[in-house]
Amino acid sequence: MKAVILAAGYGTRLQRDVENDTTGKFKHLLGIAKPLLPVGHCALITHWIKAMTASECVDTIFVITNALYFEPFQEWAREFPNVKILSDGTKTNEARLGAVACLQLTIKHFSVEDHVIVVGGDTLFKEDFSLLKFTERFSEAQAKHRGASLVLCYQCKEEETSKYGILEVDEDMRVSCMKEKPQPSETQSRKACPCFYLFSKESLPLLDVFLDEKKNAPIQERDAPGTFLSWLILRRPVYVQEILGRFDVGNLPSYIECDKYFKDRVQDNNVYLQ
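It should be emphasised that the depicted structure is a prediction, and the values quoted were computed from it without experimental measurement.

Quick rundown of the packing of aromatic side chains? Include the residues and the values.
A full pass over the atoms with the stated rule returns 20 aromatic pairs. Taking the centre distance of 5.2 Å and the plane angle of 75° together, the rings of Phe-129 and Phe-196 count as edge-to-face. With Phe-129 in the loop between strand 7 (123–125) and helix 5 (131–144) and Phe-196 in strand 12 (residues 196–199), this pair connects stretches of sequence that are 67 residues apart. The two residues Phe-129 and Phe-196 agree in class, both being buried.

Got a sec to walk through the pattern of salt bridges? Specific residues and values, please.
The final tally for this structure, using the stated rule, is 16 salt bridges. Lys-2 is the salt-bridge partner of Asp-59, the closest N and O atoms lying 3.2 Å from each other. With Asp-59 in the loop between helix 2 (44–55) and strand 4 (60–65) and Lys-2 in strand 1 (residues 2–6), the pair connects residues that are 57 residues apart, well separated along the chain. The class of Asp-59 is partly exposed, set by a relative accessible area of 46%. Classification of Lys-2 by relative accessible area gives buried; the value is 17%. The salt bridge partner of Glu-75 is Arg-78, with a shortest N-O separation of 3.1 Å. The class for Arg-78 is exposed, based on a relative accessible area of 67%. Connected through salt bridges with shared partners, the residues Lys-2, Asp-59 and Asp-114 form a single ionic network.

How would you sum up the nonpolar core? Please name residues and give values.
A general tendency of soluble globular proteins is for nonpolar side chains to be buried together. Counting 59 residues, the largest nonpolar core has Val-63, Phe-73, Trp-76, Ile-117 and Phe-196 as the members making the most contacts within it. In terms of residue count, the dominant contributor to this core is helix 2 (six residues). With near-sequence residues (within four places) excluded, Val-63 lies in contact with Ile-5, Ala-7, Ile-45, Phe-73, Trp-76, Val-83, Lys-84, Ile-85 and Leu-86. By size, the runner-up hydrophobic cluster in this structure holds 36 residues, among which are Val-112, Val-151, Val-175 and Phe-228.

If you had to explain empty space enclosed by the protein to someone new, which residues and values would you point to?
Across all of its chains, the model carries one cavity of 30 Å³ or more by this definition. Around the largest cavity, the lining residues are Leu-6, Ala-99, Val-100, Leu-103, Val-118, Phe-199, Leu-207, Pro-225 and Phe-228. Looking at the lining of the largest cavity residue by residue, the classes come out as nine nonpolar, no polar and no charged.

Please provide a residue-by-residue account of the pairing of strand 12, values included.
Across the two faces of strand 12 the burial is the same, with Phe-196 and Leu-198 and Tyr-197 and Phe-199 all buried. Strand direction decides the pairing type here: strand 6 (residues 116–120) and strand 12, joined by four bridges, are antiparallel. Across the sheet, residue Ile-117 finds its bridge partner in strand 12, namely Leu-198. As defined by bridge partners, strand 8 (residues 149–155) adjoins strand 12 across two bridges and the pair is classed as antiparallel. Looking across to strand 12, one finds that Leu-150 is bridged to Leu-198.

Now, about the side chain of Ser-149: what can you tell me, with residues and values included?
Within the secondary structure, Ser-149 is located in strand 8. Looking at Ser-149, its side chain comes within polar contact range of the main-chain nitrogen of Ser-200, at 3.1 Å. Ignoring anything within four residues of it in the chain, the contact list for Ser-149 reads Phe-138, Leu-198, Phe-199, Ser-200, Ser-203, Leu-232, Pro-237, Val-238 and Tyr-239.

Can you explain the environment of Gln-74? Please cite residues and give values.
Mapped onto the fold, Gln-74 is located in helix 3 (residues 70–76). For Gln-74 and Ala-33, which are 41 residues apart along the polypeptide, the C-alpha to C-alpha distance reads 12 Å.

Before we move on, can you summarise helix 8 (residues 252–264) with the specific residues and values?
Between the first and last C-alpha of helix 8 there are 18 Å, a value that for 13 residues agrees with the 18 Å anticipated at 1.5 Å per step. What helix 8 keeps buried is the set Leu-252, Ser-254, Tyr-255, Cys-258, Asp-259, Tyr-261 and Phe-262. Residues of helix 8 that are buried make contact with helix 1 (12–20), strand 2 (38–39), helix 2, strand 7 and strand 14 (246–248).

Can you explain the packing of helix 4 (residues 99–109) against helix 6 (residues 206–213)? Please cite residues and give values.
In contact at an axis separation of 10 Å, helix 4 and helix 6 are set at 140° when each is read in the N-to-C sense. As the angle between them shows, helix 4 and helix 6 are arranged oblique. Here the hand of the crossing between helix 4 and helix 6 comes out left-handed. In contact with Val-100, Ala-101, Leu-103, Gln-104, Ile-107 and Lys-108 of helix 4, helix 6 contributes Leu-207, Asp-208, Phe-210 and Leu-211. When its residues are assigned to classes, the contact of helix 4 with helix 6 shows seven nonpolar, one polar and two charged.

If you had to explain the packing of helix 1 against helix 8 to someone new, which residues and values would you point to?
Look at helix 1 against helix 8: their axes get within 8 Å of each other, and the N-to-C directions meet at 90°. Between helix 1 and helix 8, the interaxial angle falls into the category roughly perpendicular. Here Leu-14, Asp-17 and Val-18 of helix 1 come into contact with helix 8, specifically with Leu-252, Pro-253 and Tyr-255.

Cut-offs used in this document
- Residues numbered from 1 in each chain as written.
- Predicted model: local features only at pLDDT ≥ 70, side-chain atom pairs only at ≥ 80, totals over all residues.
- Heavy atoms only, no water.
- Phe/Tyr/Trp six-rings, centres within 6.5 Å; stacked < 30°, edge-to-face > 60°.
- Helix = DSSP H or I, 4+ residues; strand = E, 2+ residues; numbered from the N terminus.
- Buried < 20%, exposed > 50% of the residue type's maximum accessible area, 1.4 Å probe, protein only.
- Salt bridge = Lys/Arg side-chain N within 4 Å of Asp/Glu carboxyl O.
- Core = buried A, V, L, I, M, F, W, Y, C linked by side-chain atoms within 4.5 Å.
- Contact = heavy atoms within 4.5 Å.
- 1 Å grid on protein atoms, 1.4 Å probe; cavity = no way out; pocket = protein on both sides within 12 Å on 5 of 7 lines; lining within 4 Å.
- Points joined across faces, edges and corners; volume = space filled by probe spheres on them.
- Nonpolar A, V, L, I, M, F, W, Y, C, P; charged D, E, K, R; others polar.
- Pairing = 2+ DSSP bridges.
- Polar contact = N/O pair within 3.5 Å; in protein donor to acceptor, adjacent residues only side chain to side chain.
- Expected span 1.5 Å × (residues − 1).
- Axes fitted to C-alpha atoms, helices over the stretch in contact; angles between N-to-C directions.
- Parallel < 35°, antiparallel > 145°, perpendicular 65-115°, else oblique.
- Left-handed = near helix turned anticlockwise from the far one by under 90°.

See the structure below:
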């Protein structure tokens, strides 16, 4: 099994917040890619590398970033022999390829023909999440349907449905559809879907089909990785595993919350996420 960490974003909201912060406490974060931000006792992305390596659920981890942050990621990755860095070649947010195209680029560049865990580079979970349990659940889904994929969900508040992709599932925890940022009245589900997917190797060729269909569409229709997931759900079996919650480091308040949680609560990085 392989893993792809999506790290080609430019963190424009967070950088703007840091620039506008009048306390000066966070000026050391200026110019740092979100996955490389210090969270707890190490960089955000390092939590994933340590967990994936220790759990032995993946043998190679690919990190796709942009040309602006390529060198810092190369420097960071020197201590991790199982990590390979790829640049998408872009230098500005306006020129970004979008997460789905970045995933496709990674798959093709490294000739990946294996199941792939896809992780948002600004995403972390609470301590109930376990990579081992997640991959066991994936094996169960594969036993039911060859080619099935697996995603995560957590219960969000009613007023938060319009912020997230919301999954509707059947009694077997198979996803029937994903609604993008619906109003509470538009769905009975409160199952928010974070950017953490396990795509089966059989589903990977569909990236080409999806992007070909969307080649003339606005980038918003192929930017977020959930756009491909929503499309895939209607064509291949996708199952879900529930967790308690996630951290999505999108702005300065969410970064402060995540960093505090990890400093206060996550004392043993050797077992976190495994």
